[in-house]
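Secondary and tertiary structure notes
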Amino acid sequence: MSTPDEIPFDRSPAGPAGEVTTLSPLVRRVIAPNRGPFTFTGTCSYIVGHGRVAVIDPGPDDEAHVAALVAALAGETVEAILVTHTHRDHSPAARLLREATGAPIIGCATHIPNLDPPSGRLDASHDLDHRPSLVMREGDVFTGDGFTLEAIETPGHASNHLAFALAQENGLFSGDHVMAWSTTIVAPPDGKMSDYMASLDKLRARDDVVYWPGHGGPLSDPQRFVRGLAVHRRQRETSILGRLAAGDTQIPQIVAAIYESLDPRLQGAAALSVLAHLEDMVARGLVNSDRGAATLDAHYTL
Ligand SMILES: [Zn+2]
């Protein structure tokens, strides 16, 4: 969403939608045709294994994309459909692919809407119809033919977010938690900054050598990148504290001051990102909100 200099972002296009790209001995990718300011060149759907395969994140409710996936899988058997999180650009096609292949949907849990969010917003970005036949928790493993996928709970971008580790290649399907092309959106109430930072720390303790994200190309040298993301969020927190010290009290003032040359389409997301930081800092006792809780329209003071 933003472009801090210290993080080595890679915005090279991840290839045209619908094409099958081989990324490693075990991993193939098909990109969905849902390019946009939040989705970059489109959602990445991954095929893992050969012959008897798993599919990760079938993508948005798009029949053409599912047809492209099914064509890519000709002659193969899908044994499981794994989903990282229930945002509408990741999980709805799981049901179409289940219809086409008979494979079970496993992975992240059903989204539980926050009916009384402090920000007063309903979470419209979630697919509420996602009903997996098996919910994977931390350390749960799907064992395929010649590969394993281990669930790593990584809440923050979404509360039900999972990454999947492919031990045979020391790789991680990082979903929208860590992407090479951009920072991730952490938007309350479902997104939570403290969870996001803890999930970054969790990945830093691992020794994966490559990430395959939910959008954009693979990420090599992920440890350095994840360290950069954590530094960036701490700097953003410092900037927000600086604006409050300078007399700003409301989120729009802070957004205008700390986001330079912001794409107008991302204004709302930037406000939610600042809200996520303020929510965290209110919880830690660093910032006061005149509403008690952190909301988009509250007045904040140190
Ligand atoms: Zn997402």
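What this report covers is the structure whose coordinates are included nearby. Because the structure is predicted, anything quoted here is derived from the model rather than measured.

**Details of the sheet that holds strand β8 (residues 141-143)**
- If you trace the 6 strands from one edge of the open sheet to the other, you get β8-β9-β10-β11-β12-β13, paired in mixed fashion. Among the strands making up the open sheet, the edge pair consists of β8 and β13 (219-220).
- With 3 bridges joining them, strand β10 (residues 162-166) and strand β11 (residues 171-175) adopt antiparallel strand pairing. Note on β11: the bridge partner recorded for F164 is F173.

**Focus on helix α1 (residues 63-72)**
- Every buried residue belonging to α1 is among H65, V66, A68 and L69, and all of these are buried. One face of α1 carries all of its buried residues, which in axial projection span an arc of 155°. Along α1, the residues that are exposed and aim more than 90 degrees away from the buried face are E63, A64 and A71.
- At its buried positions, α1 is contacted by β2 (27-31), β3 (44-48), β4 (52-56) and α2 (93-101).

**Structural notes on unusual backbone geometry**
- Geometrically, the link from P188 to P189 is a cis peptide bond, its omega value of 10° lying close to zero.
- Of note, F40 is a non-glycine position whose phi angle comes to about 55°, a positive value.
- Structurally, the position occupied by F40 is in the loop between β2 and β3.
- Its 23 C-beta neighbours within 10 Å are what place F40 among the buried residues.

**A look at the packing of helix α4 (residues 222-245) against helix α6 (residues 267-283)**
- Interaxial distance between α4 and α6 falls to 10 Å at its minimum, and their mutual angle equals 80°. Here α4 lies roughly perpendicular to α6, going by the angle between them. Of α6, the residues touching α4 (which contributes R236, E237 and I240) are V274, H277, L278 and M281.
- Taken together, the residues of the contact of α4 with α6 break down into 4 nonpolar, 1 polar and 2 charged.

Criteria and cut-off values
- Residues numbered from 1 in each chain as written.
- Predicted model: local features only at pLDDT ≥ 70, side-chain atom pairs only at ≥ 80, totals over all residues.
- Pairing = 2+ DSSP bridges.
- Helix = DSSP H or I, 4+ residues; strand = E, 2+ residues; numbered from the N terminus.
- Buried ≥ 20, exposed ≤ 12 C-beta atoms within 10 Å, placed from the backbone.
- Arc of directions from axis to C-beta.
- Contact = placed C-beta atoms within 7 Å.
- Axes fitted to C-alpha atoms, helices over the stretch in contact; angles between N-to-C directions.
- Parallel < 35°, antiparallel > 145°, perpendicular 65-115°, else oblique.
- Nonpolar A, V, L, I, M, F, W, Y, C, P; charged D, E, K, R; others polar.

Any functional reading would require information beyond the geometric quantities listed.
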